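Read off the chains here:
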Amino acid sequence: MRVLWLGTGFLALAALVWGGYEVSVPAVVLNLAVGLSFIGAGVEAADRRPDSFSGRLMIGVGLAWFVRLAGAIENDVAFAVGVATKTLYLAVLGHLLVTYPTGRITSRWQRVVVSVAYLLTVPVNVGYLLVAPFDGPQNIVVIREVQYQGVPMVAVVVMVCAIVLFAALVARMITRWLRSGSVARRELGPVVWGGAAIVLTTVVTYVAALAGLPPGVQVPLQWSTEVALVVWPLALLYGLLRARLDRSAVGELAVSLGAGLPGDLRSVLARTLHDPTLEIVYGEVSTSRGVTYLEAGGTRLAALVHDPALDPAFVRAVAASAALAVQNEQRARRIVEAADEARRQVERDLHDGAQQRLVSVLLTLKLAENSPELLAAAREELGRALDDLRELAHGIYPVLLTDAGLGPALQSLVERSAIPAVLVGVPDERLSPVAERTCYFVLAEALTNAAKHSRAREVKIEVSCADGLVTVEVSDNGVGGVAELRGLDDRVAALGGRLTVHSPVGEGTTVRAEFSDPRR
């Protein structure tokens with residue numbers, strides 16, 4: 001595609017400079033600029049939006065503009081080619097404007113407009129060549145003052161038809177822009193207003209020719225048309241670059257959301273997507289508008305309801321950043337809630353267990369001043385209270401884990417399990433304290449869940465470490481059907497790890513956690 005841009009530009013330059021006619025430097029520069037700007041912008045558009053034909057149509061406008069430059073060559077055949085294709089670029093331009101941004105004809109109105117536009121160009125021009133007297137080749141490309149002897153009737157009819165067609169096209173473009181939403185307006189703005197400027201300058205030029213205005217007036221109008229043709233592709237490139245800047249804003253959004261969810265997440269996302277109508281829905285969605293879901297780890301967190309004209313890839317990138325932030329916020333909230341619940345559980349255990357036993361011991365001692373039997377009962381109750389305190393302290397943080405390591409701590413956990421448990425394997429070497437704590441509490445919680453819900457006859461536990469990757473696996477032969485384990489997932493995710501639960505109904509449950517040992 002780049003070769004096309006350079007090759008056609010060189011051929012056009014050769015026709016203008018070495019074609020045999022004298023061509024001014026401004027005319028050379030302007031003619032090259034029109035064709036190269038359309039082809040260059042078309043190549044970029046085709047690369048950025050391969051799903052759209054608009055880029056190819058822009059390339060077509062540039063090529064049609066360069067083909068007409070054959071009229072700058074002092075040769076009969078080149079003259080005929082130049083006359084036949086002189087207005088072809090206008091038909092391709094109309095095709096582009098009518099079908100933008102898809103570049104595809106999707107309605108009868110579009111098909112009629114495009115067909116009429118092409119019929120008014122090459123076929124009419126070829127007919128003119130066949131019926132008009134031929135006085136030898138002449139430069140039909142360079143704009144210059146020429147004294148017109150009157151406009152032929154056929155040309156009048158063609159110009160009137162072209163003016164009507166162009167006026168309808170401009171009206172349609174502006175109406176479409178007015179009826180579009182804010183997102184579509186932002187995308188269509190450069191195309192609609194730039195295209196309208198080109199079409200209007202062309203219409204004014206045709207009207208000036210029909211009105212018989214002096215050449216000193218018509219020439220500046222023709223120059224203004226070519227200047228507008230140079231600027232319009234640049235406006236489209238601006239739109240493409242703006243779309244790239246929009247995508248770069250996703251990175252800034254991710255950084256800002258990394259510091260925590262803002263007070264008004266909807267406003268932040270609406271500004272990033274340039275869609276003031278954006279909504280965030282937590283629950284079922286039923287709408288004809290565009291919907292993009294915030295998902296993390298296969299879990300649907302919320303939905304973005306947005307203007308359907310937004311680029312789907314752009315919305316998905318924004319949704320991914322927002323989903324990660326929402327997931328982290330929910331995970332932090334669950335960790336805080338779990339910590340609060342753990343403190344409440346400790347308080348209940350102390351109140352209902354050890355505290356009651358100690359109160360009972362105190363009352364028994366008061367009554368046991370002259371009763372050996374009551375003293376013996378107090379000793380027994382005090383022993384039970386101490387056992388309860390040790391059990392409670394072991395659940396809060398096992399001293400054995402710090403003193404002896406992961407193996408003995410897990411063996412103690414297995415011995416106290418409510419259902420039969422087997423420790424299949426454990427690393428021989430010590431892991432980092434945070435890795436050992438994670439292994440211990442993941443296994444403790446998995447055993448607790450299995451005892452409460454699995455109805456299993458046996459649980460197997462295995463811990464391994466290879467190349468710094470710690471793997472914890474707990475499998476039982478229970479009823480299965482476990483969907484997720486939020487507490488375990490949050491704890492493993494805190495180390496950047498991953499927790500998977502495989503629990504087909506009737507086939508048991510396997511909980512597998514993988515995370516990196518921070519020390520390694």
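Residues numbered from 1 in each chain as written. Predicted model: local features only at pLDDT ≥ 70, side-chain atom pairs only at ≥ 80, totals over all residues. Heavy atoms only, no water.

Considering the sheet that holds strand β2 (residues 290–296)
- If you trace the three strands from one edge of the open sheet to the other, you get β1-β3-β2, paired in antiparallel fashion. The strands lining the two open edges of the sheet, one partner per strand, are β1 (279–281) and β2. On average, adjacent strands in this sheet sit at an angle of 25° to one another, irrespective of strand direction.
- Bridging between β1 and strand β3 (residues 299–306) involves three bridges; their strand directions are antiparallel. Its bridge partner lying in β3, Ile280 is registered against Leu304. (Pairing = 2+ DSSP bridges. Helix = DSSP H or I, 4+ residues; strand = E, 2+ residues; numbered from the N terminus. Axes fitted to C-alpha atoms, helices over the stretch in contact; angles between N-to-C directions.)

As for the environment of Leu443
- Among the secondary structure elements, Leu443 is positioned in helix α16 (residues 433–454).
- For Leu443, a relative accessible area of 0% puts it in the buried group.
- Leu443 has contacts with Leu410, Leu413, Ile461, Val463, Val472 and Val474, leaving out every residue within four places of it along the chain. (Buried < 20%, exposed > 50% of the residue type's maximum accessible area, 1.4 Å probe, protein only. Contact = heavy atoms within 4.5 Å.)

Some words on the side chain of Thr471
- Structurally, Thr471 can be placed in strand β6 (residues 469–476).
- Take Thr471: its relative accessible area is 11%, and that puts it in the buried class.
- With residues near it in sequence (within four places) discarded, Thr471 still touches Glu462, Val463, Ser464, Arg512, Ala513 and Glu514.

Digging into the nonpolar core
- Counting 56 residues, the largest nonpolar core has Phe38, Leu93, Leu97, Leu229 and Trp232 as its most contacted members.
- Counting residues in hydrophobic clusters, the runner-up holds 33 residues, among them Ala421, Tyr440, Ala450 and Leu485. (Core = buried A, V, L, I, M, F, W, Y, C linked by side-chain atoms within 4.5 Å.)

Description of the packing of aromatic side chains
- Counting across every chain of the model gives two aromatic pairs.
- Here Trp65 and Tyr89 contribute two aromatic rings whose centre-to-centre distance is 4.9 Å and whose plane-to-plane angle is 85°, an arrangement assigned as edge-to-face. Placement of Trp65 in helix α3 (residues 54–67) and of Tyr89 in helix α5 (residues 88–99) is noted, with a sequence separation of 24 residues between them. Both residues of the pair, Trp65 and Tyr89, count as buried.
- Between Tyr440 and Phe441, the ring centres sit 5.4 Å apart and the planes meet at 90°, which makes this aromatic pair edge-to-face. The exposure classification of Tyr440 matches that of Phe441, with both residues buried.
- A cation over an aromatic ring shows up here: Arg68 above the ring of Trp65, its NZ or CZ 4.0 Å from the ring centre.
- A cation over a ring is seen here: Arg104 above Phe53, with NZ or CZ 4.3 Å from the ring centre. (Phe/Tyr/Trp six-rings, centres within 6.5 Å; stacked < 30°, edge-to-face > 60°. Lys NZ or Arg CZ within 6 Å of the ring centre and 35° of its normal.)

A look at the pairing of strand β4 (residues 421–425)
- Bridging between β4 and strand β5 (residues 459–466) involves four bridges; their strand directions are parallel. Across the sheet, the residue bridging to Ala421 is Val459, located in β5.

With respect to helix α4 (residues 76–84)
- Every buried residue of α4 is listed here: Ala78, Phe79, Gly82, Val83 and Ala84.
- Capping of α4 at its N-terminal end is provided by Asn75; its side-chain oxygen lies 2.8 Å from the backbone amide nitrogen of Val77. (Polar contact = N/O pair within 3.5 Å; in protein donor to acceptor, adjacent residues only side chain to side chain.)

Some points on helix α11 (residues 265–273)
- For α11, the tally of buried residues reaches seven of nine residues, placing the bulk of the element in the interior.
- Restricting attention to buried positions, one finds in α11 the residues Leu265, Ser267, Val268, Leu269, Ala270, Thr272 and Leu273.

Digging into the environment of Trp65
- Looking at Trp65, the relative accessible area reads 1%, which means it is buried.
- Engagement of the side chain of Trp65 in a polar contact is seen with the backbone oxygen of Asn31, the distance being 3.0 Å.

Considering the sheet that holds β6
- Read across the sheet, five strands follow the order β4-β5-β6-β8-β7 without closing on themselves; strand pairing throughout is mixed. If you trace the sheet from one side to the other, it starts and ends with β4 and β7 (498–502), each paired once. With direction set aside, neighbouring strand axes in the sheet form an average angle of 15°.
- Where β5 and β6 come together, eight bridges link them in antiparallel fashion. Of the residues in β6, the one forming a bridge with Val463 is Val472.
- Its contacts with the sheet put α16 on β4, β5, β6 and β8 (509–516), and the angle it makes with β6 is roughly 15°.

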